[in-house]
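Single-letter residue listing:
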Number of protein chains: 2
Amino acid sequence: MTDLQIAQSISPKHIRDIASALAIPETQLEYYGQDKAKLPLSLIDENKVDSSNLVLVTAITPTPAGEGKTTTSIGLGDAMCQLGKKTITVIREPSLGPVFGIKGGAAGGGWSQVIPMVDINLHFTGDFHAIEKANNLLSALIENNIQSKTKSLGIDPRTVQWKRCMDMNDRGLRNIVAALGGKAGGIPRETGFNITAASEIMAILCLSNNFNDLKEKCGAIYVGDTWEGKPVYARDLHAEGAMAVLLKDAIKPNLVQTLEGNPAIIHGGPFANIAQGTNSILATKMGMSLADYVITEAGFGADLGAEKFLNIKCRTAGLSPKAIVLVATIRALKYHGGKPLSEVAQEDTEALEKGFPNLERHIKSLKSFGIPIVVSVNGFTSDTDAEKQLLKSHCEKLGVAVTLSHGWAEGGKGCLDLAEKVVEAVAQCTTQFTPTYSLEDSVRTKIKKVCETIYGAEHVILSNEAKSQLLRYESLGYGNLPICIAKTQKSLSDDEKQLGRPEHFDIHIREFEIAAGAGFIIPIAGNILRMPGLPATPAAEHIDIDENGEIVGLF
Amino acid sequence: MTDLQIAQSISPKHIRDIASALAIPETQLEYYGQDKAKLPLSLIDENKVDSSNLVLVTAITPTPAGEGKTTTSIGLGDAMCQLGKKTITVIREPSLGPVFGIKGGAAGGGWSQVIPMVDINLHFTGDFHAIEKANNLLSALIENNIQSKTKSLGIDPRTVQWKRCMDMNDRGLRNIVAALGGKAGGIPRETGFNITAASEIMAILCLSNNFNDLKEKCGAIYVGDTWEGKPVYARDLHAEGAMAVLLKDAIKPNLVQTLEGNPAIIHGGPFANIAQGTNSILATKMGMSLADYVITEAGFGADLGAEKFLNIKCRTAGLSPKAIVLVATIRALKYHGGKPLSEVAQEDTEALEKGFPNLERHIKSLKSFGIPIVVSVNGFTSDTDAEKQLLKSHCEKLGVAVTLSHGWAEGGKGCLDLAEKVVEAVAQCTTQFTPTYSLEDSVRTKIKKVCETIYGAEHVILSNEAKSQLLRYESLGYGNLPICIAKTQKSLSDDEKQLGRPEHFDIHIREFEIAAGAGFIIPIAGNILRMPGLPATPAAEHIDIDENGEIVGLF
């Protein structure tokens with residue numbers, strides 16, 4: 001059975017029943033069909049947040065197919081519920097880019113999924129669309145002001161940093177010349193589109209502490225400079241009110257359910273390689289207001305998602321997880337040990353052992369935060385007993401809790417041992433996490449600390465362009481912001497070909513971007529692009545629907 | 001009170017109660033909140049469509065502020081309900097472009113509005129967003145195929161006609177060079193964005209007779225040519241299945257209510273100047289399946305909206321209206337009579353008389369369709385008794401039914417006389433409408449007939465570029481399609497400065513576009529642009545929302 005077939009084999013509960021089990025009255029729900037609802041921010045209760053337990057699910061360096069973080073998160077959430085723990089899984093919304101690019105959704109898999117999976121993977125409740133519109137309204141206002149005779153702010157079009165965005169893998173929009181066509185079209189200039197998941201508005205939505213905060217952050221967006229070199233902000237264009245109006249519903253977290261009928265909240269969807277990679281603060285706090293445990297995930301490997309989750313999101317929100325689940329798979333470790341991707345289903349204990357250093361490095365990096373770690377080996381049918389035993393004993397030698405989980409094949413039942421270990425770890429946690437850097441550190445020091453402590457790099461090398469951008473951003477007073485490094489997810493280094501545990505490598509910062517509204521500086525490492533392209537055979541080619549609404553090829 | 005304040009002073013009925021009055025069971029509704037729902041296409045019943053009565057509301061050449069067609073449509077619908085006639089008002093969805101550009105929504109005004117007006121004017125149920133994504137997915141697939149080494153169709157990038165779209169007034173996107181940035185970015189080429197309301201996907205959604213038809217039309221989109229000069233269609237890129245998946249909910253009409261608690265259906269939103277200007281066939285048929293009378297509108301003046309409503313939509317759908325309401329305002333007629341826009345509130349019977357020819361011309365044009373006409377003078381508080389009397393007696397001299405209506409000030413009560421005249425006209429109508437041209441006419445003849453019969457033009461002049469494009473489209477077999485002329489809404493001519501009733505003028509066809517999927521040819525007249533810009537002071541600057549969700553400046 002495909003994920004889609006499994007998802008469609010379940011009769012979902014009415015979302016009012018999911019809400020009712022959380023003691024949310026029906027009058028508070030804003031329905032989107034019978035199986036999705038938005039939750040009002042008034043349900044967030046900071047006292048309950050303080051007494052709830054946050055658990056982060058992260059992973060080793062993933063293969064292109066992903067290692068099952070979302071599947072593990074959902075399976076773990078269901079298992080916690082089976083153990084009688086009041087638990088909500090809180091995860092990100094999928095982007096249409098990957099849905100139509102590389103086959104695969106972001107709503108879990110097998111018997112550990114959130115539903116309605118088709119809607120969740122398509123337009124869902126329109127949050128991405130609203131973000132895109134708010135982003136692109138600001139672009140239109142910038143273009144209009146550059147063109148204006150009477151209300152000009154004197155924006156130098158060569159300095160406009162603000163890009164448009166689109167939730168689509170469209171390489172043709174990465175670099176464009178806009179505003180062509182003569183006087184009526186504006187002043188031609190180089191610009192481009194980011195994918196919506198990497199847009200600053202997505203980051204703002206996910207890092208806002210309340211609605212007013214969202215509006216202020218929109219106003220604080222740094223647009224570019226005037227001809228005299230003065231910075232121009234979105235508020236100078238009177239843009240933030242209309243942007244906030246566009247985001248008035250998108251700011252509300254979305255309630256859905258798992259295949260087992262347990263609650264799940266899905267909200268916000270930044271990528272972790274080119275953005276901060278974790279769902280919204282408000283969704284996390286909503287979950288913590290409604291349940292004793294919140295299971296959440298952060299994108300890609302721990303070097304990206306977990307680092308940003310802790311140093312950006314948790315620091316901004318005043319949150320600290322009580323346990324970190326590190327997802328590994330035997331096939332990914334074999335891949336890091338040199339086995340070609342096409343052969344990872346074959347038994348190979350030698351390749352597995354050679355791949356261990358990747359896992360070890362992530363464990364070492366995560367230990368720097370001082371929070372209990374549980375390694376969860378996400379089981380595949382191709383895993384052999386010899387391989388499982390080898391991996392298990394290796395983790396035990398490292399002194400870290402380890403378990404085999406089977407969320408894909410068995411749902412919550414397959415994650416019961418993991419759930420028990422997580423409950424234990426949470427009970428043992430007596431401390432807040434230790435950030436990798438202090439906000440008072442210089443930007444260069446922050447980058448150095450992340451690169452050394454988390455990636456295991458030796459040096460950080462800034463391009464000349466990056467150096468001059470950094471000077472500019474520091475002079476504008478952004479030196480105290482946290483950093484959000486854009487880097488390939490395929491390697492601990494900035495070179496996607498360096499698998500396993502690369503050593504003696506440097507990180508090359510090509511350029512900087514500033515997210516003054518969201519509140520972070522973006523050092524861009526290596527060749528990473530903030531607008532992906534489609535693969536040779538896009539998944540879109542095989543997606544179809546008949547007149548009865550039967551969909552094929554989506555997953 | 002502003003329109004927004006009036007709209008918010010009403011407690012809306014639950015949408016299930018609106019549906020229930022139409023005998024739609026709750027299980028058939030897909031809720032979007034408590035006051036919006038999508039209706040399944042299975043509710044359309046062709047037998048009921050045949051016995052229902054369709055009434056079109058159109059207008060004289062409008063001033064920039066609009067003459068109240070939507071307000072009249074909603075007021076008329078409410079008045080019909082007051083008369084005990086089972087009536088549904090079926091109108092278009094607003095575009096975000098004008099909402100953030102020129103202050104003004106498209107959900108009626110005063111006491112003749114559809115609600116929830118804020119949602120309707122923002123993201124509503126996401127239809128525009130879905131259309132945009134389907135459009136732009138095709139663009140991404142085109143770009144990807146041009147880039148492909150292994151699956152190339154050999155598309156000549158210089159011939160790609162398909163443009164991206166965005167629901168935003170962004171002049172900077174009108175003309176762009178895309179796919180810059182070296183090998184990874186693609187082959188640079190000139191292209192641009194249309195506003196979503198003018199996109200072919202919008203047209204397809206509005207002209208589809210069922211879901212399979214939608215998918216086929218998506219596949220039939222003409223993309224461009226190969227290097228050998230062969231046409232390439234969207235189906236060659238295997239795009240139509242994924243596009244249809246994106247449109248699976250957008251194709252369903254949306255049920256809302258008027259301020260008086262009567263049903264309204266809002267679906268599809270093409271502009272009438274640069275697109276076909278009328279809501280979806282499926283929405284109209286849905287209304288006709290559920291009620292004895294359907295009141296619908298077509299955008300801008302009768303030269304644009306009504307012409308396209310009849311010659312494109314009604315012909316495609318096999319529909320024929322039984323009455324046409326022509327909305328005029330005293331201030332617009334004074335404007336056409338030479339009164340400056342800033343002074344139209346002043347009494348001026350001389351200017352009014354000088355403006356009559358615009359009304360006369362529209363009456364003459366509409367008479368060519370052979371359907372009964374009622375002139376509805378949409379009342380403003382500035383209208384004087386002398387002006388009203390003059391206009392009324394002038395219409396009576398022309399032998400056309402006329403009434404003063406007051407939908408804005410009084411809701412349905414202000415449109416009771418109009419409603420009675422409409423019921424009378426419908427009862428008298430014994431014929432189908434006479435199209436302006438036959439589909440077998442050549443494209444040039446079709447254009448000539450519309451320009452002469454509807455606009456009152458003398459000659460049609462094609463640019464050299466238009467001539468060669470026409471040859472190409474005819475050779476591809478598109479000569480039998482209807483035409484959808486893109487022309488300014490501000491004048492009967494293609495020159496927006498020619499107010500009143502211009503005479504002895506020519507229409508200049510600058511270029512052609514083809515909407516092979518939607519099924520029409522687009523002759524582009526004069527300087528009309530398919531991506532608008534923002535005005536000097538965009539409405540967006542004054543739109544705001546506070547943390548309690550109170551919105552100001554939207555209307």
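Predicted model only: the values in this text are computed from it and were never measured.

Calculation notes
Residues numbered from 1 in each chain as written. Chains lettered and ligands numbered in written order. Predicted model: local features only at pLDDT ≥ 70, side-chain atom pairs only at ≥ 80, totals over all residues. Heavy atoms only, no water. Domains from an automatic or database assignment. Contact = heavy atoms within 4.5 Å. Buried area = accessible area lost by both parts, 1.4 Å probe. Salt bridge = Lys/Arg side-chain N within 4 Å of Asp/Glu carboxyl O. Polar contact = N/O pair within 3.5 Å; in protein donor to acceptor, adjacent residues only side chain to side chain. Helix = DSSP H or I, 4+ residues; strand = E, 2+ residues; numbered from the N terminus. Nonpolar A, V, L, I, M, F, W, Y, C, P; charged D, E, K, R; others polar. Phe/Tyr/Trp six-rings, centres within 6.5 Å; stacked < 30°, edge-to-face > 60°. Buried < 20%, exposed > 50% of the residue type's maximum accessible area, 1.4 Å probe, protein only. Lys NZ or Arg CZ within 6 Å of the ring centre and 35° of its normal. Axes fitted to C-alpha atoms, helices over the stretch in contact; angles between N-to-C directions. Parallel < 35°, antiparallel > 145°, perpendicular 65-115°, else oblique. Left-handed = near helix turned anticlockwise from the far one by under 90°. Least-squares fit on C-alpha atoms with pLDDT ≥ 70 in both. UniProt positions renumbered as here; feature names shortened; annotations may be inferred. Expected span 1.5 Å × (residues − 1).

**Observations concerning the domain arrangement of chain A**
Residues and elements named next belong to chain A.
Next up, step 1: Domain parsing of chain A yields domain 1 (3-21 + 33-126 + 250-428), domain 2 (127-243) and domain 3 (443-525).
Next up, step 2: Contact residues are listed per partner, giving 32 residues for domain 1 and 20 residues for domain 2.
Next up, step 3: Regarding the contact of domain 1 and domain 2, the summed buried area is about 2000 Å², with carbon and sulfur atoms giving 63% of it.
Next up, step 4: Among the residues domain 1 hides against domain 2, the three largest losses belong to G126, I251 and Q276. Together they make up 24% of the total.
Next up, step 5: Taken together, the links from domain 1 to domain 2 amount to one salt bridge.
Next up, step 6: Summed over the shared surface of domain 1 and domain 2, the number is 13 residue pairs in polar contact (both at pLDDT 80 or more).
Next up, step 7: Top element by residues in the side of domain 1 that touches domain 2 is helix α12 (residues 302-317). It accounts for four residues.
Next up, step 8: Residues of the side of domain 1 that touches domain 2, tallied by class, amount to 13 nonpolar, 15 polar and four charged.

**Comments concerning the packing of aromatic side chains**
The description of two aromatic rings rests on the distance between their centres and on the angle between their planes.
Next up, step 1: Under the defined criterion, the tally for this structure stands at ten aromatic pairs over all chains.
Next up, step 2: Both rings, one in Y222 of chain B and one in Y233 of chain B, keep their centres 6.0 Å apart while their planes meet at 45°; by these two values the pair is tilted. One end of the pair, Y222 of chain B, is in strand β11 (residues 222-225); the other, Y233 of chain B, is in strand β12 (residues 231-233), with eleven residues separating them in the sequence. Assigned by exposure class, Y222 of chain B and Y233 of chain B land together as buried.
Next up, step 3: The interplanar angle of 55° and the centroid separation of 6.5 Å between the aromatic rings of F369 of chain B and F433 of chain B together place this pair among those described as tilted. Taken together, the positions of F369 of chain B in the loop between α14 (349-367) and β17 (373-378) and F433 of chain B in the loop between α17 (416-428) and α18 (443-455) put the pair 64 residues apart, joining distant regions of the chain.
Next up, step 4: Take F433 of chain B: its relative accessible area is 10%, and that puts it in the buried class.
Next up, step 5: Three or more aromatic residues joined by ring pairs make a cluster, and in this case those are Y222, Y233, Y473 and Y478 of chain A.
Next up, step 6: Sitting above the plane of the Y455 of chain A ring, K487 of chain A keeps its charged end 4.7 Å from the centroid.
Next up, step 7: The lysine or arginine in question, R235 of chain B, covers the ring of Y233 of chain B, its NZ or CZ lying 4.7 Å from the ring centre.

**Quick notes on the packing of helix α8 (residues 200-207) of chain A against helix α9 (residues 211-219) of chain A**
Residues and elements named next belong to chain A.
Next up, step 1: One can describe the packing of α8 onto α9 by two numbers: an axis separation of 9 Å at closest approach and a directional angle of 150°. Of the possible angle classes, the one that applies to α8 and α9 is roughly antiparallel. Considering only the axes of α8 and α9, their crossing is right-handed. Residue-level contacts link I204, L205 and L207 of α8 to D213, L214, K217 and C218 of α9.
Next up, step 2: Considering only residue class, the contact of α8 with α9 consists of five nonpolar, no polar and two charged.

**Some thoughts on the relation of the copies chain B and chain A**
Next up, step 1: Structural alignment of chain B on chain A gives an RMSD of 0.0 Å, achieved by rotating through 180° and translating 0.0 Å along the axis. One copy is carried onto the other by what is essentially a two-fold rotation axis.
Next up, step 2: Interface overlap between copies: 100% of the residues of chain B at the interface are likewise at the interface in chain A, consistent with a symmetric, same-surface contact.

**Concerning the UniProt feature "binding site: ATP" (unreviewed entry) in chain A**
Residues and elements named next belong to chain A.
Next up, step 1: Sequence positions flagged by UniProt for "binding site: ATP" (unreviewed entry) are, in local numbering, T63, P64, A65, G66, E67, G68, K69 and T70.
Next up, step 2: Relative to the assigned elements, T63 resides in the loop between β3 (53-59) and α4 (69-82).
Next up, step 3: Ignoring sequence-local partners within four residues, the contact set of T63 consists of A332, Y335 and L341.
Next up, step 4: Its location among the elements puts G66 in the loop between β3 and α4.

**A word on helix α7 (residues 127-147) of chain B**
Next up, step 1: Taking 1.5 Å per residue as the helical rise, α7 of chain B with its 21 residues ought to reach 30 Å, and the 30 Å between its terminal C-alpha atoms agrees with that figure.
Next up, step 2: Of all 21 residues in α7 of chain B, 20 are buried, a share of seventy percent or more.

**Observations regarding unusual backbone geometry**
Next up, step 1: Cis geometry marks the peptide bond from I115 of chain A to P116 of chain A; its omega dihedral reads 0°.
Next up, step 2: Among the structural elements, P116 of chain A can be located in the loop between β6 (112-115) and α6 (117-121).
Next up, step 3: Positive phi, close to 50°, is recorded for F124 of chain B, a residue that is not glycine.
Next up, step 4: With respect to the element layout, F124 of chain B can be found in the loop between α6 (117-121) and α7.
Next up, step 5: Here H504 of chain B, not a glycine, exhibits a phi torsion of approximately 55°, which is positive.

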